[in-house]
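What follows is each chain in one-letter form.
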Amino acid sequence: MAKFVLIGSGLAGGLLAAYLGRRGYEVDLYERRSDPREGNLVGGRSINLALSTRGIHALEQIGIADEVLKHAIPMRGRMIHPAAAGSAPIFAPYDVDPNKHINSIGRAALNTTVIEAAQRYPNVRVHFNHKCTDVDLDSATANLLNSSTSQQLNASGDAVIGVDGAFSAVRQSMQLKIDNFQYDESYLAHGYKELTIPPGPNASWRMEKEALHIWPRKSFMMIALPNPDGSFTCTLFWEFEGPRSFATTKTDDDIRRFFCEEFPDAVPLMPNLLDDFKNNPTGSLVTIRCAPWFYKDKVALVGDAAHAVVPFYGQGMNAAFEDCVVLDECLAEFPQDRQRALAEYFRRRKENADALADLALENFIEMRDKTASRTFRAKKKLDHFLEAALPGIYLPLYTMVTFTRIPYAQAAKRARFQDRVIYGSLVGVIVVLIGLLALAFT
Ligand SMILES: Cc1cc2nc3c(=O)[nH]c(=O)nc-3n(C[C@H](O)[C@H](O)[C@H](O)COP(=O)(O)OP(=O)(O)OC[C@H]3O[C@@H](n4cnc5c(N)ncnc54)[C@H](O)[C@@H]3O)c2cc1C
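Residues numbered from 1 in each chain as written. Predicted model: local features only at pLDDT ≥ 70, side-chain atom pairs only at ≥ 80, totals over all residues. Heavy atoms only, no water.

Asks: Which parts of the structure should I look at to understand the sheet that holds strand β9 (residues 130–136)?
Replies: Think of a sheet as strands paired side by side through backbone hydrogen bonds, with each pair either parallel or antiparallel. Across the sheet, which stays open at both edges, the 3 strands sit in the order β9-β10-β11 with antiparallel pairing between neighbours. Of all the strands in the sheet, just β9 and β11 (151–156) have a single pairing partner and so form its edges. Taking each pair of neighbouring strands and ignoring which way they run, the sheet shows an average axis angle of 25 degrees. For strand β10 (residues 141–146) and β11, the ladder comprises 6 bridges, and the chain directions are antiparallel. (Pairing = 2+ DSSP bridges. Helix = DSSP H or I, 4+ residues; strand = E, 2+ residues; numbered from the N terminus. Axes fitted to C-alpha atoms, helices over the stretch in contact; angles between N-to-C directions.)

Right, dumping it as structure tokens:
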């Protein structure tokens, strides 16, 4: 059986190792960090994430969805916190079907579960504390540095797969080697910072538990996702620079004033606000597009390494998990021709990753600005009405992206078509009504 060298045991790396192990391949998985079971922070990214249908499907295929969902908290809709002090939050369900929800899960626990799923296969070996420095593409050899011993070593296989995240070393080697390798990275002017709302008495939740909380403030926003211990992880998405920004908010007074002005209902729930704000890092938000995602039958990219997106649709990990499903299908379809399998995987995924990148950027504007408006909530109600009235015919974009496995590009295209038909018809009806009224009064 062929041997795969995988670089990166983040969310997608662990899952892909399990998929490849299940097919009987030899797998060596190298991760630069130490074992997450030793209590180390995973990835330095968000502490919790929203898991939805695509990701759950990928976990189901490998038999670990129930294990993961045991620790999840369902989020049934958005809880919008208005800016005006004293205004009550407004709940907007995600779907007309109250059983449809997204799931808040802890990154560390999920990472451990996928790694353990991979390690159930005796043909999968996981090596922590091994950083990949570069890859020799033609010989499918990864050069590595063991951070425990400071020794350099290399790992060869029939193919190397880069599952090493947005700043992939495998992708960098492809950039250097492949003529006309297309690469584009773009950063938002906003960064993000994680803050905490600790549990209430007896590990209770101090806000509605089964919701994704949003404080939309036009050019910026804060969100909060629930954790099983009763706490919430809040994330502030805010401009790096500008008159009111991370750059200008440094002193205790600045921080307190900003939060009291913008998030007055959250401040009493955040006793550690000042320490969290000053000590937690400010992360950047990048979109990465590149092509191709493979080199001959020797190298491929999966997950953020191929297509990092901004987090506003809650789909980066879900899409990375979907990559694993599609790559596994392609390897099964073309067992004797790995180059064809890798090319087919790239062909099936690329336009969908590009579509998701656009959707995620657009959803930032929707979350930080539009969710606060009555028009947005009316549009959501109309969406849900049409979904119930025209079952199987009308599907809101959010529903297609989050609660189905309709490819992202197809979902985006269908939503544009639906909008044209529905809003075109509404305009038509209004024009006819105005015409009739005009006739009645002449
Ligand atoms: C603030 C924020 C919130 C998010 N929320 C959501 C959400 O709600 N839902 C969702 O679906 N997605 C979300 N995402 C996106 C999600 O985090 C990523 O899409 C997902 O982690 C991608 O998985 P991955 O395995 O491709 O990469 P990663 O999880 O980044 O894993 C890459 C792994 O490779 C290792 N590595 C890196 N370089 C090397 C090297 N040179 N050698 C060896 N190992 C290496 C890293 O240590 C890491 O373990 C969010 C992202 C951010 C930033």
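Asks: What's the story with the site of the ligand in this structure? I'm lost.
Replies: Residues in close proximity to the ligand total 32 residues, the closest being A12, E31, A50, R107 and D304. G10 is positioned with one of its backbone polar atoms (N or O) 3.5 Å from an oxygen atom of the ligand. L11 places a main-chain nitrogen or oxygen 3.3 Å from an oxygen atom of the ligand. Contact with the protein chains covers 93% of the free accessible surface of the ligand, which is 1000 Å². Those elements that place two or more of their residues in the shell around the ligand are α1 (11–22), β3 (48–51), β9 and α9 (316–333). (Near = heavy atom within 4 Å. Polar contact = N/O pair within 3.5 Å; in protein donor to acceptor, adjacent residues only side chain to side chain. Areas by Shrake-Rupley, 256 points an atom, 1.4 Å probe, with all protein chains shown as cover.)

Asks: Just checking my understanding: could you explain the nonpolar core for this structure?
Replies: Nonpolar side chains tend toward joint burial in soluble globular proteins. Counting 78 residues, the largest nonpolar core has L6, L15 and L59 as its most contacted members. With 9 residues, the single largest contributor to this core is α9. Setting aside anything within four residues of it in sequence, one finds L15 in contact with A58, L59, I62, I64, V114, F321 and C324. (Core = buried A, V, L, I, M, F, W, Y, C linked by side-chain atoms within 4.5 Å. Buried < 20%, exposed > 50% of the residue type's maximum accessible area, 1.4 Å probe, protein only. Contact = heavy atoms within 4.5 Å.)

Asks: Got a minute to help me understand a nonpolar patch on the surface in this structure?
Replies: A surface patch of nonpolar side chains, amounting to about 480 Å² of accessible area, comprises V429, V432, L433, L436 and L439. Within the element layout of this structure, L436 appears in helix α13 (residues 408–440). (Patch = residues over 30% accessible without salt bridge, like charges linked within 9 Å, V, L, I, M, F, W, Y side chains within 5 Å. Salt bridge = Lys/Arg side-chain N within 4 Å of Asp/Glu carboxyl O.)

Asks: Sorry, what's going on with the sheet that holds strand β7 (residues 102–106) here?
Replies: Ordered by their spatial adjacency, 3 strands build an open sheet running β3-β7-β4, and the pairing between neighbours is antiparallel. Strands with a single pairing partner mark the edges of an open sheet, and in this sheet they are β3 and β4 (73–75). Averaged over all adjacent pairs, the angle separating strand axes in this sheet is 35 degrees, with direction ignored. Note: β4 against β7, 3 bridges, orientation antiparallel. Along β7, the bridge assignment pairs I73 with S104. Set on the sheet, α9 makes contact with β3 and β7; between it and β3 the angle comes to about 60 degrees.

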